[in-house]
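Each chain is listed here by its residues.
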Amino acid sequence: MEQLQLSKREIGELIFEGVFTIALIYLIYLGIQIIIKQLLEAPLLGLGPSYSIRQQWSITPRNLQLYNIIFTWLSVIGGTAITAWRLIRRYRQMQLTHILDELHYIAEGHIDYQIPFQVRGDMGKVVTSINALVQNTVKAMSEERKIEQSKDELITNVSHDIRTPLTSIIGYLGLVRDGQFENEEEVKRYIDIADKKAKQMKHLVDDLFEYTTTRSIATHLQKRNIVLTKFLEQVCAEFEWEAEKKGVTITLDSENSNLVIDLDPDRMVRVFSNLITNALKYGEHATYIKVSDYVDNEKKEVFITVENNGEKIPKEAIDHLFNRFYRVEASRSVETGGSGLGLAISENIVMLHGGRIEVTSDDDKTRFIVILPLESKDQSETEEAVRQI
């Protein structure tokens, strides 16, 4: 950012101000000299007209010359200081005028405009504060637009995901109501389909509720000390039967069997359940799912990895995996995908614990890494993390 450049007119005004001040001080200097000279030569009352103050005080011409030199130098120093003060004051008035002009321009509706120059001193702090205010305002407005867009997307996605099963429910119940069936078996099939669609809707509503709950900074975790290895063993055990049906082996590789970590087990179960479920559902041709943990004592963090050797996640999808309602597959069919909220919920829960979640995927394996602090973070740090979700 460049320093403020004065116009030719303003530079002329400063020069005139300096010359005028110097001339005025010089006139005052001459006037004081004349007055002092007349006072020194003035006759003292009662001592005769030829007896002056200079004679009474025994001031010789040499002393008078010395006093005159001292007075002249004091006048030069004082005059320089006064001139400099007046020029600085005038220059600051010009700075203020420029800043006010820029503020008027911003007030006219150019809210993303920043003052393009910098000045020194207190005025510089004012300029910096104004530019910071503009930046924060633009950022807030941008975030507000994103929030509005996000709300529109939320309504669209929820409407789509609810309308499809709801249409099926209404249709099949309508067939039963109107007697458009051939036998009791067909009625049962219609009811079973309607029941399945209703459960899909309930699952979506439950996910929506959990997503909004985990986004709130008012959410309170029920943390307690958990032996990490035993916790992960229980999670893996819940999926052994389903994995066996798909020919997938689930293994746990724990580096520290005695590691105790402070977390909310009920919410953290959802995280690893989502990751393992996704590995089973979308990890095409996978033969194993490995859950492992590693402790970084230097950073005081534990890395928990859910890894599978299934189909690679496309590179363009990696950056969007944790967006709500995002699915790698383009269709929004419940047969090939869930609500699209599982990973978003997982990320929210991990961030509520003061951690983060990462993903890597290549031709060999796909790895979801949950990184949690070994020591609980302050509530203020957790709230700040949730705000950034």
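Up top you'll find the structure we're talking about.
Summary of the structure given here. (Residues numbered from 1 in each chain as written. Predicted model: local features only at pLDDT ≥ 70, side-chain atom pairs only at ≥ 80, totals over all residues. Heavy atoms only, no water.)

Looking only at helices and strands, one finds 11 helices and 9 strands in the protein chain. The buried share of the protein chain, taken over its 389 residues, is 34%. In the protein chain, the share of contacts with a sequence separation of at least 24, taken over all contacts with a separation of at least 6, comes to 68%. Total accessible area on the protein chain is roughly 24,900 Å²; 56% of this is exposed by carbon and sulfur atoms. (Helix = DSSP H or I, 4+ residues; strand = E, 2+ residues; numbered from the N terminus. Buried < 20%, exposed > 50% of the residue type's maximum accessible area, 1.4 Å probe, protein only. Contact = heavy atoms within 4.5 Å. Areas by Shrake-Rupley, 256 points an atom, 1.4 Å probe, with all protein chains shown as cover.)

All right, on to the packing of aromatic side chains then. Tallying each qualifying case throughout the model produces 7 aromatic pairs. Centre to centre, the rings of Y29 and F71 are 5.4 Å apart; their planes meet at 15 degrees, and the pair counts as stacked. Pair noted here: Y29 is in helix α1 (residues 8–41) and F71 is in helix α3 (residues 61–107), with a separation of 42 residues, a long-range link. Y29 gets classed as buried once you look at its relative accessible area, which sits at 14%. The interplanar angle of 75 degrees and the centroid separation of 4.8 Å between the aromatic rings of Y105 and Y113 together place this pair among those described as edge-to-face. Its relative accessible area of 34% is what places Y105 among the partly exposed residues. Chaining the aromatic ring pairs together yields one cluster made of Y26, Y29 and F71. (Phe/Tyr/Trp six-rings, centres within 6.5 Å; stacked < 30°, edge-to-face > 60°.)

Pairing within the open sheet is mixed, and its 5 strands lie in the order β4-β6-β7-β9-β8. In this open sheet, the two edge strands, each paired with only one partner strand, are β4 (249–254) and β8 (356–361). Looking at each pair of strands side by side, their axes are set apart by 15 degrees on average, direction ignored. For strand β6 (residues 288–296) and strand β7 (residues 301–308), the ladder comprises 8 bridges, and the chain directions are antiparallel. From the neighbouring strand, V291 faces β7, where its bridge partner is V306. (Pairing = 2+ DSSP bridges. Axes fitted to C-alpha atoms, helices over the stretch in contact; angles between N-to-C directions.)

An ideal rise of 1.5 Å per residue puts 26 Å on 18 residues; helix α8 (residues 265–282) measures up with 25 Å between its terminal C-alpha atoms. Counting buried residues in α8 gives 13 out of 18 residues, a clear majority hidden from the surface. Put simply, D264 is the residue that caps the front of α8, since its side-chain oxygen is 3.2 Å from the backbone nitrogen of D266. (Expected span 1.5 Å × (residues − 1). Polar contact = N/O pair within 3.5 Å; in protein donor to acceptor, adjacent residues only side chain to side chain.)

What follows is about the nonpolar core. Ranked by internal contacts, the top residues of the largest apolar core, which has 46 residues, are F272, L275, I276, I304, V370 and L372. It is α8 that provides the largest number of residues to this core, a total of 7 residues. Counting 13 residues, the second-largest nonpolar core is a separate cluster that includes L4, I106, V119 and M123. (Core = buried A, V, L, I, M, F, W, Y, C linked by side-chain atoms within 4.5 Å.)

So, about the pattern of salt bridges. What the rule picks out here adds up to 11 salt bridges. For R9, the salt bridge identified is with E13, shortest N-O distance 2.5 Å. Note that R9 and E13 are positioned in helix α1 at a spacing of 4 residues, about one turn of the helix. We classify R9 as exposed; its relative accessible area is 57%. For K199, the salt bridge is made with D195, and the minimal N-O distance between the two is 3.2 Å. Here D195 and K199 lie together in helix α5 (residues 184–215), a separation of 4 residues that amounts to about one turn. Given the relative accessible area of 54%, K199 is considered exposed. (Salt bridge = Lys/Arg side-chain N within 4 Å of Asp/Glu carboxyl O.)

Tracing the chain through its elements places R270 in helix α8. With residues near it in sequence (within four places) discarded, R270 still touches D207, E210, G342, I345, S346 and I349.

What follows covers a nonpolar patch on the surface. A surface patch of nonpolar side chains, amounting to about 560 Å² of accessible area, comprises F16, F20, L24, I28, I32 and I36. Along the chain, F16 turns up in helix α1. The class for F16 is exposed, based on a relative accessible area of 57%. (Patch = residues over 30% accessible without salt bridge, like charges linked within 9 Å, V, L, I, M, F, W, Y side chains within 5 Å.)

Worth remembering: the numbers are spatial, not functional.
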